[in-house]
Amino acid sequence: MAKFWNFILFQAGWFACIIGAANEQVLWPVIGTLLYLAIHIWRSEHSKLELKLVFKAVIFGVSADTLIANLGFLYFKDAWPSAYLSPFWMWTLWALVASTVNGSLSWLRGRPWLGAILGAIAGPMSYEAGIRMGAGSWRPDGQLGGLALLAIVWGVAMPLFFHWHSRHVSASLIKNQ
């Protein structure tokens, strides 16, 4: 049942941030999503490990999104904190994705190729959906290249997040012995 709620809250956070960005009103969706993430991490069996995973995922995502936007493929609405970085609401979405590694996506653990394939498909689809809902836009002639780059990013991200998680858990188990 916890996996079900993880999925539902992930979806709610995604929709809230996308709709907020489309309307340039992201403060409350981001605060609500961050509150959910704080509770998720606090209630996690390995809170410190979960926090490390979320932090690494956000750094990965901010770097990837910033690069894709600065290469001229993608434009994000509500670009706070800087026009040169991916927006804070996107950082929140990357943290949300990381929160699913031990929840609704845990069935992908130990299946890196499947994670890569699903990430390469679902990641770009999520961006396209967000763009169609008004949270951003493709730059002129940027859609095909942007989707291809996003497929690479998400094809790497999903197995990488699971690898980071398993590495943290293994290190924690060795430390506690």
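This write-up is about the structure you can find in this document. (Residues numbered from 1 in each chain as written. Predicted model: local features only at pLDDT ≥ 70, side-chain atom pairs only at ≥ 80, totals over all residues. Heavy atoms only, no water.)

**Some thoughts on the pattern of salt bridges**
Rule in force here: One speaks of a salt bridge when a side-chain nitrogen belonging to Lys or Arg is within 4 Å of a carboxyl oxygen belonging to Asp or Glu. Each helix is a run of DSSP H or I of at least 4 residues and each strand a run of E of at least 2, with the numbering of both proceeding from the N terminus. Burial here depends on accessible area, computed with a 1.4 Å probe over protein chains only, as a share of the maximum for the residue type. Under 20% is buried, over 50% is exposed, and the range in between is partly exposed.
Tallied over the entire structure, the rule returns two salt bridges. Put simply, Glu24 and Lys77 hold a salt bridge, and the shortest N to O gap is 4.0 Å. Placement of the pair is Glu24 in the loop between α1 (2-22) and α2 (27-43) and Lys77 in the loop between β1 (74-76) and α4 (88-99), with a sequence separation of 53 residues. Of the charged contacts in the structure, one is a salt bridge between Glu128 and Arg132, with a shortest N-O distance of 2.7 Å. In this pair, Glu128 and Arg132 are both assigned in helix α5 (residues 112-132), four residues apart and thus about one turn of the helix distant. Exposure remark for Arg132: the relative accessible area of 68% places this residue in the exposed category.

**Looking at the packing of α2 against helix α3 (residues 47-70)**
Stated formally: Here an axis means a line fitted to C-alpha atoms, over the contact stretch when the element is a helix, while the angle between two N-to-C directions is reported on a 0 to 180 degree scale. By definition in this entry, angles of less than 35 degrees are roughly parallel, angles greater than 145 are roughly antiparallel, angles of 65 to 115 are roughly perpendicular, and the rest are oblique. We call two residues in contact whenever any of their non-hydrogen atoms come within 4.5 Å of each other. Ten residue types, Ala, Val, Leu, Ile, Met, Phe, Trp, Tyr, Cys and Pro, are classed as nonpolar, four, Asp, Glu, Lys and Arg, as charged, and the remainder, Gly among them, as polar.
Two numbers describe how α2 lies on α3: the axes approach to 7 Å, and their chain directions differ by 140°. Judged by the angle between their axes, α2 and α3 are oblique. Taking contact as the criterion, the partners of His40, Ile41 and Trp42 in α2 are, on α3, Ser47, Glu50, Leu51 and Val54. Considered class by class, the residues forming the contact of α2 with α3 number four nonpolar, two polar and one charged.

**Focus: the side chain of Thr33**
Note the following rule: Polar contact criterion, stated in full: a pair of N or O atoms within 3.5 Å, where within protein one must be able to donate a hydrogen and the other to accept it, and residues adjacent in sequence count only if both atoms are side-chain atoms.
By the element assignment, Thr33 lies in helix α2. One polar contact links the side chain of Thr33 to the main-chain carbonyl oxygen of Pro29, over a distance of 2.8 Å. Those residues in contact with Thr33, other than ones at most four positions away along the chain, are Gly13, Cys17, Thr92 and Leu96.

**Overview of unusual backbone geometry**
Omega for the peptide link from Trp80 to Pro81 comes to 20°, which places this bond in the cis form. Checked against the element boundaries, Pro81 lands in the loop between β1 and α4. Although it is not a glycine, Asp78 sits at a positive phi angle of roughly 55°. If you trace the backbone, Asp78 turns up in the loop between β1 and α4. Here Asp78 falls in the partly exposed class, since its relative accessible area comes to 21%.

**A short note on the packing of α2 against α4**
Put simply, the test is: For any pair of crossing helices, the crossing counts as left-handed if the nearer helix is rotated counterclockwise from the farther one by less than a right angle, and right-handed if it is rotated clockwise.
At a closest axis distance of 10 Å, the pairing of α2 and α4 adopts a crossing angle of 30°. Taken together, the axis directions place α2 and α4 in an arrangement best described as roughly parallel. The two elements α2 and α4 meet at a crossing, and its hand is left-handed. Across the interface between the two elements, Val30, Thr33, Leu34, Tyr36, Leu37 and His40 from α2 touch Phe88, Trp89, Thr92, Ala95, Leu96 and Ser99 from α4. Residue composition of the contact of α2 with α4, by class: eight nonpolar, four polar and no charged.

**Some details on the side chain of Glu128**
The exposure class assigned to Glu128 is buried, which follows from its relative accessible area of 14%. Ignoring anything within four residues of it in the chain, the contact list for Glu128 reads Trp138, Gln143 and Leu147.

**What to know about the layout of surface pockets**
Defined as follows: The definitions used throughout rest on a 1 Å grid laid over the protein atoms alone, on which a cavity is an enclosed set of points accommodating a 1.4 Å probe that cannot get out and a pocket is an open set flanked by protein within 12 Å on both sides along at least five of seven lines; lining residues are those having an atom within 4 Å of a point. Grid points are joined across faces, edges and corners, and a volume is the space filled by probe spheres set on the points.
Taken as a whole, the largest pocket encloses approximately 630 Å³ of empty space. Along the walls of the largest pocket sit 31 residues, with Phe10, Val97, Ala122, Gly123 and Ser126 positioned nearest its centre. Of all elements in the fold, only α1, β1, α4, α5 and α6 (143-175) reach the threshold of two or more residues within the lining of the largest pocket. At ten residues, α5 tops the list of elements feeding residues into the lining of the largest pocket.

**Quick look at the packing of aromatic side chains**
Applied cut-off: Classification of ring pairs uses Phe, Tyr and Trp, with its six-membered ring standing for Trp, and accepts pairs whose centres are within 6.5 Å; under 30 degrees between planes counts as stacked, over 60 as edge-to-face, and the remaining range as tilted.
For the coordinates displayed, the defined rule picks out twelve aromatic pairs. Seen in terms of ring centroids, Phe60 and Trp94 are 5.9 Å apart; in terms of plane orientation they differ by 70°. Their pairing is edge-to-face. Of this pair, Phe60 sits in helix α3 while Trp94 sits in helix α4; the two residues are 34 residues apart in sequence, bridging distant segments of the chain. A relative accessible area of 1% means that Trp94 is categorised as buried. Ring geometry for Phe76 and Trp89: centres 6.0 Å apart, planes at 85°, overall edge-to-face. Here Phe76, found in strand β1, pairs with Trp89, found in helix α4; they are 13 residues apart in sequence, far enough to count as distant. Residues Phe76 and Trp89 agree in their burial class; the two are buried. Aromatic ring contacts, followed pair by pair, group Phe60, Trp94, Tyr127, Trp154, Phe161 and Trp164 into a single cluster.

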